[in-house]
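A closer look at the structure
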Amino acid sequence: MKEPIRVTVTGPTGQIGYAILFRICSGAMFGADQPVKLTLLSRDNEKSKAALKGVMMELSDCAFPLLAEMRAETDLREAFRDCEAAILIGSRPRGPGMERADLLEGNAAIFCEQGRALNEVAARNVKVVVVGNPCNTNAWIAMKNAPSLDPSCFSALMRLDENRALSQLAEKTGMPVCSIQKMAVWGNHSPTMVPDVTATLVADKKAVDLVDGEWVKSEFRPTVAKRGGAIIKARGASSAASAASATIDHMYDWTNGTDGRWVIMAVPSDGSYGVPEGMVFGFPCTVTAEGKVEIVKDLELTDDVKVGIAKNIEELKKEQEAVAAFIPN
Ligand code: LMR
């Protein structure tokens with residue numbers, strides 16, 4: 001049996017939390033032979049603590065063989081002490097009619113504090129994924145407040161956007177999702193993001209030869225980019241199970257490697273494609289067997305993708321300006 005991996009989850013009693021915890025403990029996130037020691041960060045009030053107690057009772061009732069230890073914490077430093085994987089879900093959620101920008105300030109304080117705590121007490125090779133929106137900027141805030149951790153410890157969830165893009169293209173071409181490779185989604189997890197099929201292959205055929213450009217522009221891109229809002233409208237609440245599932249995919253691939261397969265992760269830019277260094281931006285990436293994330297380089301971008309990337313850079317710069325008070329000098 002492998003040594004257990006220490007995993008901390010924030011927001012464990014929310015809908016995403018409830019959808020993800022059971023899959024983490026069943027082995028879906030880190031592998032079927034990887035035990036976990038789970039720490040759940042609760043808000044420090046009676047209602048949250050009672051709700052978490054109920055979730056923990058259910059986790060216990062599953063008798064997961066891989067769940068080596070489970071505890072609840074209300075103190076950030078205790079919650080993140082020595083953690084090797086931090087799944088940051090807890091944030092102020094977006095409700096009907098709210099834009100992501102409305103969330104910026106409320107969430108900035110949360111991710112500033114969490115970044116500081118991770119900086120002080122997490123394992124030096126911790127893998128952090130931010131799910132709580134606006135996730136790219138929240139991850140950037142946490143990273144900036146954690147100067148003694150390598151920036152490569154931080155990421156934000158854009159796998160949900162990749163999964164949405166895969167499903168839309170699979171449906172359009174009548175081909176299974178597993179036949180599609182090299183899907184790209186660039187930018188911010190917001191309606192500005194750029195889903196891009198320029199390099200995509202469907203059963204080894206170029207996607208651009210299978211679907212027409214007008215469909216890509218007027219249906220595919222907006223459907224993927226605005227899916228989060230469409231789900232909020234339909235459900236009256238933000239996506240939960242699909243967000244949890246994408247987070248599982250994100251961490252599984254980061255931990256186990258992708259063997260050359262592209263995955264979409266929002267990671268601190270290394271300057272590729274003109275994206276300012278450090279900006280947490282969605283890129284096509286591969287992950288080595290050792291867990292090193294590498295941005296796919298030297299892709300030829302179409303003019304409209306270039307324009308879209310520039311728009312995302314501007315949007316993220318504005319988000320960064322709006323939270324400047326939370327960034328240390
Ligand atoms: C989603 O893409 O479904 C969510 O991130 C939407 C949101 O803003 O909560």
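Let me begin by describing the structure that accompanies this report. (Residues numbered from 1 in each chain as written. Predicted model: local features only at pLDDT ≥ 70, side-chain atom pairs only at ≥ 80, totals over all residues. Heavy atoms only, no water.)

With that out of the way, let us pick up the nonpolar core. Residues Leu21, Ile24 and Leu38 are the most contacted members of the largest nonpolar core, which totals 54 residues. Contacts of isoleucine 24, omitting those with residues within four sequence positions, involve Val9, Met29, Phe30, Val36, Leu38 and Ile248. Listed in part, the 52 residues of the second largest apolar core include Ala139, Ala146, Leu169 and Val197. (Core = buried A, V, L, I, M, F, W, Y, C linked by side-chain atoms within 4.5 Å. Buried < 20%, exposed > 50% of the residue type's maximum accessible area, 1.4 Å probe, protein only. Contact = heavy atoms within 4.5 Å.)

A few words now on the pairing of strand S5 (residues 127-130). The side-chain alternation of S5 yields two buried faces, one formed by Lys127 and Val129 and the other by Val128 and Val130. For S5 and strand S6 (residues 154-156), the ladder comprises three bridges, and the chain directions are parallel. The partner of valine 130 across the bridge, within S6, is alanine 156. (Helix = DSSP H or I, 4+ residues; strand = E, 2+ residues; numbered from the N terminus. Pairing = 2+ DSSP bridges.)

Its place among the elements puts glycine 291 in the loop between strand S13 (280-287) and strand S14 (293-295). Along the sequence, glycine 291 and tyrosine 252 sit 39 residues apart, while their C-alpha atoms lie 10.0 Å from each other. Leave out the neighbours within four places in its chain, and glycine 291 touches Lys127 and Trp254.

Take the pattern of salt bridges next. Under the defined criterion, the tally for this structure stands at 18 salt bridges. Between arginine 71 and glutamate 69 there is a salt bridge; the shortest N-O distance is 3.7 Å. A relative accessible area of 22% means that arginine 71 is categorised as partly exposed. A residue is classified by how much of its surface remains accessible, and glutamate 69, at 28% relative accessible area, is partly exposed. Two residues, lysine 306 and aspartate 303, come together in a salt bridge whose shortest N-O distance is 4.0 Å. Placement of the pair is lysine 306 and aspartate 303 together in helix H11 (residues 303-322), with a separation of three residues, close to one helical turn. For lysine 306, a relative accessible area of 45% puts it in the partly exposed group. (Salt bridge = Lys/Arg side-chain N within 4 Å of Asp/Glu carboxyl O.)

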